[in-house]
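What follows is each chain in one-letter form.
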Amino acid sequence: MRRSQETAFREFAAARMGHLFRSACLLTSGDTHLAEDLVQETLGRMYVVWGSSRLGNPAAYAQTVLVRVFLAHQRRRSSGERPSDEIPEAPETAAQGDASLRLTLLEALRKLPAKDRAVVVLRYWEDRSIAETADVLHVSSAAVRTRSTRALARLRAQLGDSIKDFAAH
């Protein structure tokens, strides 16, 4: 890679890292360590193809890569999980907004299947269209609409009216 391309990639990575991390946190239901790994893998894959003609919109391409890396990890995950009877203490962080709402929403997202979670994050966090979401996930638009409807129904069933209580604070 030429120096000018490497500089451009570094600038892109620095500018998009925060957004990619936030999306990864939603995809992983708040697992910040896994989110960091997913962002690192995404940027590594972006580096390989940086400067090619495929990158008409690098930010959108990075989001697509992030979701695909997440889904690939979900398929591999079952063989790497190790159960534990001890829960580690959560690190203290400076919280913005309502922490209980955030934790409730992350827990509800965690209970969704990986593809449903990806649809919810792409459609409602990333504000992608149905067609864009279908393209990222390699499914039909009808599948995105179906998954979106079912995922939202599951979230409503899990959260019930309690989400209104949280939103009122």
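That block above? That's the structure.
Residues numbered from 1 in each chain as written. Predicted model: local features only at pLDDT ≥ 70, side-chain atom pairs only at ≥ 80, totals over all residues. Heavy atoms only, no water.

> Please give an account of the overall build of the protein chain that cites residues and values.
Helices and strands together make up the secondary structure of the protein chain, namely eight helices and zero strands. Looking at the protein chain as a whole, 33% of its 169 residues are labelled buried. In the protein chain, the share of contacts with a sequence separation of at least 24, taken over all contacts with a separation of at least 6, comes to 66%. For the protein chain, the exposed surface amounts to about 10,900 Å²; the carbon and sulfur share of it is 52%. (Helix = DSSP H or I, 4+ residues; strand = E, 2+ residues; numbered from the N terminus. Buried < 20%, exposed > 50% of the residue type's maximum accessible area, 1.4 Å probe, protein only. Contact = heavy atoms within 4.5 Å. Areas by Shrake-Rupley, 256 points an atom, 1.4 Å probe, with all protein chains shown as cover.)

> I'd like a description of the nonpolar core, backed by residues and values.
Within soluble globular proteins, side chains that are nonpolar generally end up buried alongside one another. Membership of the largest hydrophobic core comes to 41 residues, with the highest contact counts inside it found for Leu27, Leu38, Met46, Val67, Leu71 and Leu137. Among the elements of the structure, helix H1 (3-27), helix H2 (32-49), helix H3 (58-77), helix H4 (99-110), helix H5 (114-125), helix H6 (130-137) and helix H7 (141-159) are those that each provide at least two residues to this core. Ignoring any residue separated from it by four or fewer positions in sequence, one finds Met46 in contact with Phe9, Phe12, Leu55, Pro58, Tyr61, Ala62 and Val65. (Core = buried A, V, L, I, M, F, W, Y, C linked by side-chain atoms within 4.5 Å.)

> Would you mind going over H7 in detail, with residue names and values included?
Compared with the 27 Å implied by 1.5 Å per residue over 19 residues, the 27 Å span of H7 between its first and last C-alpha is a close match. Within the span of H7, buried status applies to Val144, Ser148, Ala151, Leu155 and Leu159. The buried residues of H7 occupy an angular sector of 75° when the element is viewed end-on, so they sit on one face. With respect to the buried face of H7, the exposed residues turned more than 90 degrees away are Thr149, Arg150, Arg156 and Ala157. Gly160 sits one or two positions beyond H7 and adopts a positive phi of about 55°. (Expected span 1.5 Å × (residues − 1). Arc of directions from axis to C-beta.)

> Give me the packing of aromatic side chains: which residues, what numbers.
For the structure shown, the criterion picks out three aromatic pairs. An angle of 35° between the planes, with centres 5.1 Å apart, marks the rings of Phe12 and Trp50 as tilted. In this pair, Phe12 is assigned in helix H1 and Trp50 in the loop between H2 and H3, connecting sequence segments 38 residues apart. Each of the two residues, Phe12 as well as Trp50, counts as buried. (Phe/Tyr/Trp six-rings, centres within 6.5 Å; stacked < 30°, edge-to-face > 60°.)

> Describe the environment of Ser148, listing the residues and the values that go with them.
Counting through the fold element by element, Ser148 comes out in helix H7. Each C-alpha atom of the pair Ser148 and Val119 lies 6.2 Å from the other, and the pair is 29 residues apart in sequence. Ser148 has contacts with Val119 and Tyr124, leaving out every residue within four places of it along the chain.

> Break down the side chain of Arg117 for me, with residues and values.
Within the fold, Arg117 resides in helix H5. At 2.7 Å, the side chain of Arg117 and the backbone oxygen of Leu27 are in polar contact. (Polar contact = N/O pair within 3.5 Å; in protein donor to acceptor, adjacent residues only side chain to side chain.)

> Outline H5, supporting the account with residue identities and numerical values.
With 12 residues, H5 should reach 16 Å at 1.5 Å per residue; the first-to-last C-alpha distance of 15 Å fits that figure. Counting buried positions along H5 yields nine of 12 residues, so the element is predominantly enclosed. Buried residues of H5: Ala114, Asp116, Arg117, Ala118, Val119, Val120, Val121, Leu122 and Arg123, and no others. Asp127 sits one or two positions beyond H5 and adopts a positive phi of about 55°.

> For the packing of H1 against H2, give the residues involved together with the corresponding values.
At their nearest, the axes of H1 and H2 sit 9 Å apart, and the two run at 150° to each other. The angle between the axes of H1 and H2 places the two elements in the roughly antiparallel class. For the pair H1 and H2, the crossing hand works out as right-handed. The residues of H2 that touch H1, namely those facing Glu6, Phe9, Phe12, Ala13, Met17, Leu20, Phe21, Ala24 and Cys25, are Thr32, Ala35, Glu36, Leu38, Val39, Thr42, Leu43, Met46 and Tyr47. Here the contact of H1 with H2 is built from residues that sort into 14 nonpolar, two polar and two charged. (Axes fitted to C-alpha atoms, helices over the stretch in contact; angles between N-to-C directions. Parallel < 35°, antiparallel > 145°, perpendicular 65-115°, else oblique. Left-handed = near helix turned anticlockwise from the far one by under 90°. Nonpolar A, V, L, I, M, F, W, Y, C, P; charged D, E, K, R; others polar.)

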